Amino acid sequence: MAGELPFEKPLVEMRQKINELKQFGQDKGIDFSDEISRLEERYAELETEIYSNISPHQKMHVARHQQRPTSLDLIQLIFTDFIELHGDRLFGDDLAVVGGLAKLDGIPVTVVGQQRGKDTKDNIARFFGSAHPEGFRKALRLMQQADKFKRPIITFVDTKGAYPGNTAEERGQSEAIARNLREMSALGVPVICVIIGEGGSGGALAMAVGNRVLMLEHAIYSAISPNGAASILWKDASKADQAAEAMKITANDLLGFEVIEEIITEPVGGAHRDYETTASTIRESLIRHLQELSQMDREALKEDRYQKFRKIGEFAFEQSLSAGVIE
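Residues numbered from 1 in each chain as written. Predicted model: local features only at pLDDT ≥ 70, side-chain atom pairs only at ≥ 80, totals over all residues. Heavy atoms only, no water.

A.B. asks: Mind laying out the pattern of salt bridges, listing which residues take part and the relevant values?
C.D. replies: In total, this model carries 21 salt bridges according to the counting rule given. Its salt-bridge partner being arginine 15, residue glutamate 40 comes within 3.2 Å of it at the nearest N-O pair. Placement of glutamate 40 in helix α2 (residues 33-51) and of arginine 15 in helix α1 (residues 9-28) is noted, with a sequence separation of 25 residues between them. Glutamate 40 gets classed as partly exposed once you look at its relative accessible area, which sits at 26%. For arginine 212, the salt bridge identified is with glutamate 292, shortest N-O distance 2.9 Å. Note that arginine 212 is positioned in strand β6 (residues 212-216) and glutamate 292 in helix α13 (residues 275-293), a separation of 80 residues in sequence. (Salt bridge = Lys/Arg side-chain N within 4 Å of Asp/Glu carboxyl O. Helix = DSSP H or I, 4+ residues; strand = E, 2+ residues; numbered from the N terminus. Buried < 20%, exposed > 50% of the residue type's maximum accessible area, 1.4 Å probe, protein only.)

A.B. asks: Pulling in residues and values, what's your account of a nonpolar patch on the surface?
C.D. replies: A cluster of nonpolar side chains, contributed by Ile232, Leu233 and Trp234, occupies part of the molecular surface with about 310 Å² of accessible area. In this fold, leucine 233 is placed in helix α10 (residues 226-234). By relative accessible area, leucine 233 is classed as exposed at 59%. (Patch = residues over 30% accessible without salt bridge, like charges linked within 9 Å, V, L, I, M, F, W, Y side chains within 5 Å. Areas by Shrake-Rupley, 256 points an atom, 1.4 Å probe, with all protein chains shown as cover.)

A.B. asks: Could you give me a rundown of the environment of glutamate 84, with the residues and numbers involved?
C.D. replies: With respect to the helices and strands, glutamate 84 occurs in strand β1 (residues 80-84). For the pair glutamate 84 and valine 98, spaced 14 residues apart in the sequence, the C-alpha separation amounts to 7.1 Å. Here glutamate 84 is in contact with Val98, Gly99 and Gly100, once residues within four sequence places are set aside. (Contact = heavy atoms within 4.5 Å.)

A.B. asks: Give a description of the pairing of β6 that names residues and reports values.
C.D. replies: The side chains of a regular strand alternate between the sheet's two faces. Counting buried residues in β6 gives five out of five residues, a clear majority hidden from the surface. What you see with β6 is no split at all: Arg212, Leu214 and Leu216 on one side and Val213 and Met215 on the other are buried throughout. Bridge count for strand β5 (residues 191-200) against β6 is four bridges, and the pairing is parallel. Pairing of isoleucine 192 across the sheet is with arginine 212, part of β6. (Pairing = 2+ DSSP bridges.)

Set out below in C-alpha cells:
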C-alpha cells in the first residue's frame, strides 16, 4: 500500500501476510487459495471498519494524501472535450488554478479547479495548490465568460489556503478574493462547487460561492487550516491534529450546519484508492444537481444562492427567566 497512513497500519500488516502467503504458495507449489480468499474477505471487512470510524484528524490526513485525485485528474475522468484556458489577462498564468471549457453529459460547461502538484517539482510550480491573485482572477475571468455565454459553472476546491507570501500581497491578494466573493454571488448561471480535498480559508471560499456545495466524504472544509488554528491557539502548528478534532471540519459536521448540500461517498479506503469510482460518483451528483438548477432563471439562481448563504449560522437565544438576561 503506497502512501499508507498511520491508522492504516493493521491493513498494511494484513496485506503483507497475504502477499507472503501468495509468494510462499508459488515457491512451494502449494494451493493456498482458500486461505487467501478468507484473508482477503477479512481485509475488506477490516478496511470498511477502519474507514467507517475514522476521526476528524484522520480525515484531515486522508484529505491531504499525496495520491488523492487532483482537479485535473477528475476533470479528465468526469468531462469530455476539455479545453484548458490560461491567464488572467492582467498579470500572468497561475498554475495553482486550472480551468476551461468542457462538456458534462453533452452539456457545455465551464470547469475551474485548484490544482496541487503530483511531485515536488510540480508542487513548487503550482505553489502546492495555493493561488496568487492572478489565479483567482483567472478563475473569475472564466466564470464571467461562462455567465456571458450562459454556461453552468463547476468548481473543484482543493487548497490549504491562498498563497500567503509577499508577491501575492503586492498584487492584491485580499482584493482578488473579495472580488470573487462578490462577483460569484451575482452570477446568473448555475454554480456547483465540489470540495474534493482540503478547503481552507478564503482561498477555498473564493471558488466556493455556489448554488450547491458538495463535498467528498473524507474532504475537510474550514475557515482556517488546522495547522493555522493550532499556531494561533497554542503557538504550535504540530498540534494540528488536536485542532482538527475541535473545528467541525468534516463533511458530516458541515452537512449538519447546512454549509454543504450533499456528501459524495468515496470508495472504501478513500478516493486515492479508486479514481474511476470517485469520478463516476461525482459525475452522477453533478448531473443531478445541474438538472435541478437548470430549471431556474437568472434571478431565481441568484436568489437561491443568496438564501443558501443567508441561512448559514442561524442560532437561537435562550431567555433566562430568573436573571432576565439573554445567555
